[in-house]
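# Chains, contacts and geometry: an overview
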Amino acid sequence: MIRDRLRGSGAGRAWRRLRRSRAVRRSLRVTARLDRGNLSRLDLLGAVLIAVAGVWALIAAAGRPASPEGFLLGLLTAAAAYAAGRVAGARSAFGVCVSLAVAVAVLLLLSPDALSGGTLAEPLGYGNANGALAVQAVAAACLAALCATSERRRGEMQVLAALLVSGVFATRSLAAVFGAVAVLMVGLTAQSARRRGSFVVAGAVCVALVAAGTVYLGGDRAERASGVRGTAAESLTERRIDLWHDAIESAKDHPSRGTGPGTFLADSPTARADADTKSAHSQWLRQAAEQGIPGVVWLLALLGWAYVRLWRSPQDPAVVAVGAVALTAFAVHASMDYVAEFPAVLVATGLVLGVATAGPEPQSHTRARFR
């Protein structure tokens, strides 16, 4: 009876508010411990999206002569590289970034034709993929410069980034050149960055516009507007636009499950007519053709998650800015070419993204490094 009276009284209401406030504080302490351990609900969401994308690839391949192994391998490679970048970046971001930048630079120098501008140049066997890999190395060098503790090291990393940009020019990959220059410019001026959101939003909008452009050029409207298609074909090649058209038509004919992972080359009339064709030259359109609309939705959701994770990164805005531009350069290039099908490019991109979203070391004073 006394308890019932207290529940209806002011003292009872105060007691309930006190209990709720204690529960909130306990929840905040748990959240803080999870954040210190580099684990959050956002990270769990990313893991769920990866799992859903992998399961859907298996569903799209079920009961038909498809081969989802390539897609699953690429998905796991990118996820593992990102996790490694998060863990290693929290311990020594400078060491990870220097190792990646130097490794790519040495790899390009040791390959005889890497900087020759050849279409099938080593080390990846595709000049545009070499350029995409070098772009991520530029981002790694810029991140290393931002994380450097001395002016000498910072200057050395900036020189390395500039040399890698010159290597990107040597690959003659136009998309990679634009991406490398953008990364270098942001890396050199990122210390004045105050708002990470502007870089993240600008990057996401840029990818959306490029992806929409590929859909337009590959659609029927661009065929009727011969002037637009002809102008685009001068820089993108007519075959690439034809491949985009085949992918769009295939997605229209099989919107639910697509034709199955790994089946685009066999189903595309343009690819069958040209033995040198390796892919659809657009990760999003190939995904839509092979795994239907749900497949491309899951993939786009993963990209959106990566941008949100950058936005919520505990790193300094300068580091986030470089990471956002590097991710944008990769996504834009993957919208127009098949660079996302090279494990080395996925590893480099995952490491850069992981470092840009890693929690700083507890004993480090990140803000002091940027003064």
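Keep in mind that what you see is a predicted model, and the values were worked out from it rather than measured. (Residues numbered from 1 in each chain as written. Predicted model: local features only at pLDDT ≥ 70, side-chain atom pairs only at ≥ 80, totals over all residues. Heavy atoms only, no water.)

### A look at the overall build of the protein
Going by this rule: Under the DSSP-based scheme used, a helix requires at least four consecutive residues in state H or I and a strand at least two consecutive residues in state E, with every element numbered from the N terminus. Residue burial is assigned from relative accessible area. The probe radius is 1.4 Å, only protein chains are included, and a residue is buried under 20% of its type maximum, exposed over 50%, and partly exposed in between. Any two residues whose heavy atoms approach within 4.5 Å are treated as being in contact. Accessible surface area values rest on a Shrake-Rupley calculation with a 1.4 Å probe, where residue burial reflects the displayed protein chains alone.
If you tally the helices and strands in the protein, you get 17 helices and zero strands. When the 371 residues of the protein are sorted by exposure, 50% land in the buried category. Counted over contacts in the protein with a minimum sequence separation of 6, partners at least 24 positions apart contribute 75%. When the accessible area of the protein is evaluated, it comes to approximately 18,200 Å², of which 63% is carbon and sulfur surface.

### Some details on a nonpolar patch on the surface
Heads up, the condition is: Residues forming no salt bridge and having over 30% relative accessible area are the ones grouped into patches, like charges within 9 Å of each other and nonpolar side chains (Val, Leu, Ile, Met, Phe, Trp, Tyr) within 5 Å. Salt bridges are defined as contacts in which a side-chain nitrogen from Lys or Arg sits within 4 Å of a carboxyl oxygen from Asp or Glu.
A grouping of Val-201, Val-205, Leu-209 and Trp-311 is seen on the molecular surface, where their side chains present a nonpolar patch of about 390 Å² in accessible area. Ranked by residue count, the leading element in the nonpolar patch is helix α8 (residues 196-218), at three residues.

### Concerning the packing of aromatic side chains
As a reminder of what qualifies: Only centres within 6.5 Å qualify two rings of Phe, Tyr or Trp (six-membered ring in Trp) as a pair; their planes then separate them into stacked at under 30 degrees, edge-to-face at over 60, and tilted for everything else.
Enumeration according to the criterion identifies four aromatic pairs in this entry. With centroids separated by 4.7 Å and ring planes inclined at 20 degrees, the aromatic side chains of Tyr-126 and Tyr-338 adopt a geometry described as stacked. Within this pair, whereas Tyr-126 is found in the loop between α4 (69-110) and α5 (127-147), its partner Tyr-338 is found in the loop between α15 (317-336) and α16 (343-357), the two being separated by 212 residues in sequence. Tyr-126 gets classed as buried once you look at its relative accessible area, which sits at 7%. A centroid spacing of 6.1 Å and a plane angle of 10 degrees characterise the contact between Tyr-126 and Phe-342, whose relative ring orientation is stacked. Of this pair, Tyr-126 sits in the loop between α4 and α5 while Phe-342 sits in the loop between α15 and α16, and the two are 216 residues apart along the sequence. The residues Tyr-126 and Phe-342 share a single accessibility class, namely buried. An aromatic cluster of at least three residues, connected via ring pairs, comprises Tyr-126, Tyr-338 and Phe-342.

### Focus: the nonpolar core
Our working rule: We define a nonpolar core as any set of buried Ala, Val, Leu, Ile, Met, Phe, Trp, Tyr and Cys residues linked to one another through side-chain atoms lying within 4.5 Å.
By size, the foremost hydrophobic cluster in this structure holds 90 residues, and its most contacted members are Val-138, Leu-164, Leu-310 and Val-322. For Leu-310, the contacting residues outside a window of four places in its chain are Arg-196, Val-200, Val-320, Gly-323, Ala-324, Leu-327, Leu-353, Ala-356 and Thr-357. In terms of nonpolar packing, the next biggest core, distinct from the first, is built from 12 residues, Ala-247, Ala-280, Leu-285 and Ala-289 among them.

### A few points about the pattern of salt bridges
The full count for this structure, using the stated rule, is nine salt bridges. Here Asp-43 ties to Arg-86 by a salt bridge, and the two come within 3.0 Å at their closest N and O atoms. Within this pair, whereas Asp-43 is found in helix α3 (residues 41-61), its partner Arg-86 is found in helix α4, the two being separated by 43 residues in sequence. The pair Asp-43 / Arg-86 is uniform in exposure class, with both members buried.

### Here we look at the packing of α8 against α15
To keep things clear, this is the line we draw: Axis lines are fitted through C-alpha atoms, for helices just across the contact stretch, and the angle between N-to-C directions can take any value from 0 to 180 degrees. Angular relationships are summarised with four words: roughly parallel below 35 degrees, roughly antiparallel beyond 145, roughly perpendicular across 65 to 115, and oblique for the angles in between. Residue polarity is assigned by list, with Asp, Glu, Lys and Arg as charged and Ala, Val, Leu, Ile, Met, Phe, Trp, Tyr, Cys and Pro as nonpolar; anything else, Gly included, falls into the polar class.
Where α8 meets α15, the closest approach of the two axes is 9 Å, and the angle between their N-to-C directions is 5 degrees. Here α8 is positioned roughly parallel relative to α15, judged by the angle of their axes. Facing Arg-196, Phe-199, Val-200, Gly-203, Cys-206, Val-207, Val-210 and Thr-214 of α8, the residues of α15 in contact are Pro-317, Val-320, Ala-321, Ala-324, Val-325, Thr-328, Ala-331, Val-332, Ser-335 and Met-336. Counted by class, the contact of α8 with α15 contains 13 nonpolar, four polar and one charged residues.

### Some thoughts on the packing of helix α14 (residues 283-311) against α16
Operational definition: Each crossing gets its handedness from the near helix: less than a right angle anticlockwise from the far helix is left-handed, clockwise is right-handed.
Look at α14 against α16: their axes get within 9 Å of each other, and the N-to-C directions meet at 35 degrees. Seen along the crossing, α14 lies across α16 with a hand that is left-handed. On α16, the residues touching Ala-306, Arg-309 and Leu-310 of α14 are Leu-353, Ala-356 and Thr-357.

### Observations concerning the confidence of the model for the protein
Using the following cut-off: The pLDDT score gives, residue by residue, the confidence of the prediction method on a 0 to 100 scale.
For the protein, mean pLDDT is 86; residues scoring 70 or higher make up 82% of the total. By mean pLDDT, helix α17 (residues 366-369) is the weakest element of the protein at 40, and α16 is the strongest at 97. Note that pLDDT drops below 50 for residues 23-38; the model gives that stretch six contacts with residues more than four away or on any other chain. When the criterion is pLDDT under 50, residues 362-371 qualifies, and its contacts beyond four places in sequence or with other chains add up to 15 contacts.

### Considering α3
The cut-off we apply is this: Here the expected length of a helix is defined as 1.5 Å per residue gap, with one fewer gap than residues.
Between its first and last C-alpha, α3 extends 30 Å over 21 residues, near the 30 Å set by a 1.5 Å rise per residue. Considering only its buried residues, α3 is in contact with α4 and α14. Of the residues one or two after α3, Gly-63 is the one with positive phi, at around 75 degrees.

### So, the state of the cysteines
Quick reminder of the rule: Only a pair of cysteine sulfur atoms within 2.5 Å qualifies as a disulfide here.
A complete count under the given rule lists zero disulfides for this structure. The closest cysteine sulfur to the non-disulfide-bonded Cys-97 is located on Cys-147, 5.7 Å from its own sulfur.

### What about the side chain of His-281?
When you line up the elements, His-281 lands in the loop between α13 (269-273) and α14. The contact partners of His-281, leaving out residues within four places of it in the chain, are Tyr-126, Arg-239, Arg-240, Leu-243, Trp-244, Ser-335, Met-336, Asp-337 and Tyr-338.

### Thoughts on unusual backbone geometry
Note on backbone geometry: most residues besides glycine have negative phi, and most peptide bonds are trans. With an omega of 10 degrees, the peptide bond between Glu-122 and Pro-123 qualifies as cis. Here Pro-123 shows up in the loop between α4 and α5. For Arg-172, which is not a glycine, the phi torsion comes out positive at approximately 60 degrees. Along the chain, the position of Arg-172 falls in the loop between α6 (151-171) and α7 (174-189). Backbone geometry at His-281 places phi at a positive 60 degrees, although glycine is not the residue there. Residue classification places His-281 among the buried residues on the basis of a relative accessible area of 4%.

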